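Here's the letter readout for the chains.
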2 protein chains.
Amino acid sequence: MLLIEKVLILKSSEIFQNTAETELVELAAILEEIYLEPNVTLFSKGDPGNCMYFIFNGTIKIHDGEHTLAVLGENEIVGELSVLDSESRSASATTLEECLLLKLEQEAFYEILMTNADILKGILKTLCKRLRVINKKSATMANLNPLK
Amino acid sequence: MLLIEKVLILKSSEIFQNTAETELVELAAILEEIYLEPNVTLFSKGDPGNCMYFIFNGTIKIHDGEHTLAVLGENEIVGELSVLDSESRSASATTLEECLLLKLEQEAFYEILMTNADILKGILKTLCKRLRVINKKSATMANLNPLK
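Here the structure is a predicted model, which means the values were calculated and not measured.

A. Expanded view of the UniProt feature "domain: Cyclic nucleotide-binding" (unreviewed entry) in chain A. Residues annotated in UniProt with the feature "domain: Cyclic nucleotide-binding" (unreviewed entry) correspond here to residues 15-130 of chain A. Across residues 15-130 of chain A one finds 34% helix and 34% strand; the C-alpha atoms that close the span lie 10 Å apart.

Encoded structure:
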């Protein structure tokens, strides 16, 4: 896979959408390509979370036992909270079809984060935006909720 | 105010709860003490958000015009999302009584953030934790919501 393809997949993800492409080159260079067959467990609930994955192609099921929480596809991210906060995986991830993933290790990620203010600010912006959106959504839902 | 008091107020806030006291000394040293009378506007909705405040004592109303969104008191933080993502203030803040606040400027904050991995990791941990909690709460509310 070309470096530019890796940069573009990073840029298209929510977590790096606020970071300039030129800043993402260093990060793209440390992404590891992973090919997986269908029905392979990427990680299990409770595993230590020390990396995140970008889905280049294929689909991945996020589940808790038999209960499916989400199905993620092309350009989506798996496990981004765990890589940021080192908490254990809150759910399991299993491939539904053949997948090409890009793996980003926590340690290398933090090293780049600490030397690149733009990437850091981009990520903080994304996390804050998510909080703002979800705060607003929660407030609306609380108003609709008859049990409140 | 003593430096150690400033360290303790930082440590007691949600955003720095995951950071060791020793790491907070540098940050505490750049906090500016601000005394405000009751009924003073700290900032207005739409203002650029380039600093955050820790409430040492007193109470502050977060409001949108006449509509009160929250009343914040001792050890609580005002405007922490704006300082992280540079978005404009989403609500106004007005003192309800005499207040002693500690002001943290965005620029100085980022400088320290970029040289201190522990502070950075602590903040990311807090933001991710908030997202996890609120995600879970949203999911529960969505299940309760009859309009869903």
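There is more to say after this.
B. Representation of the nonpolar core within the structure. Core analysis: the biggest nonpolar cluster contains 58 residues, and A:Phe16, A:Phe54, A:Ile123, B:Phe16, B:Phe54 and B:Ile123 have the highest contact counts within it. Not counting chain neighbours up to four residues away, the residues in contact with B:Phe16 comprise B:Leu10, B:Lys11, B:Leu24, B:Leu27, B:Phe54, B:Leu104, B:Phe109, B:Ile119 and B:Ile123.

C. Region of the structure containing the side chain of B:Ser82. Within the element layout of this structure, B:Ser82 appears in helix H3 (residues 80-85). Once residues lying within four places of it in the same chain are set aside, the contact partners of B:Ser82 are A:Arg132, B:Gly49, B:Glu87, B:Ser88, B:Arg89 and B:Gln106.

D. Spotlight on the pairing of strand E5 (residues 67-72) of chain A. Residues and elements named next belong to chain A. Relative to E5, strand E4 (residues 60-64) runs antiparallel, the two being bridged by five bridges. Within E5, the position partnered with Ile 62 by the bridge is Ala 70. Between E4 and E5, which pair antiparallel and follow one another directly, the connecting turn spans two residues, one of which, Gly 65, has a positive phi of 65°.

E. Quick look at the environment of B:Glu76. Residues and elements named next belong to chain B. With respect to the helices and strands, the residue Glu 76 is situated in the loop between strand E5 (67-72) and strand E6 (77-78). By relative accessible area, Glu 76 is classed as partly exposed at 35%. Considering only alpha carbons, one finds Glu 76 and Phe 56, 20 residues apart in sequence, at a separation of 8.1 Å. The residues contacting Glu 76, other than those within four sequence positions of it, are Tyr 53, Phe 54, Ile 55 and Val 71. Of note is the side chain of Glu 76, whose polar atom sits 2.8 Å from the backbone nitrogen of Gly 73.

F. Quick look at unusual backbone geometry. Residue and element names in this part refer to chain B. The backbone of Asn 39 sits at a positive phi, close to 65°, despite the residue not being glycine. With a phi close to 70°, Asn 75 is a non-glycine residue in the positive phi region. Along the chain, the position of Asn 75 falls in the loop between E5 and E6. The exposure class assigned to Asn 75 is partly exposed, which follows from its relative accessible area of 35%.

Basis of the calculations
- Residues numbered from 1 in each chain as written.
- Chains lettered and ligands numbered in written order.
- Predicted model: local features only at pLDDT ≥ 70, side-chain atom pairs only at ≥ 80, totals over all residues.
- Heavy atoms only, no water.
- UniProt positions renumbered as here; feature names shortened; annotations may be inferred.
- Helix = DSSP H or I, 4+ residues; strand = E, 2+ residues; numbered from the N terminus.
- Core = buried A, V, L, I, M, F, W, Y, C linked by side-chain atoms within 4.5 Å.
- Buried < 20%, exposed > 50% of the residue type's maximum accessible area, 1.4 Å probe, protein only.
- Contact = heavy atoms within 4.5 Å.
- Pairing = 2+ DSSP bridges.
- Polar contact = N/O pair within 3.5 Å; in protein donor to acceptor, adjacent residues only side chain to side chain.

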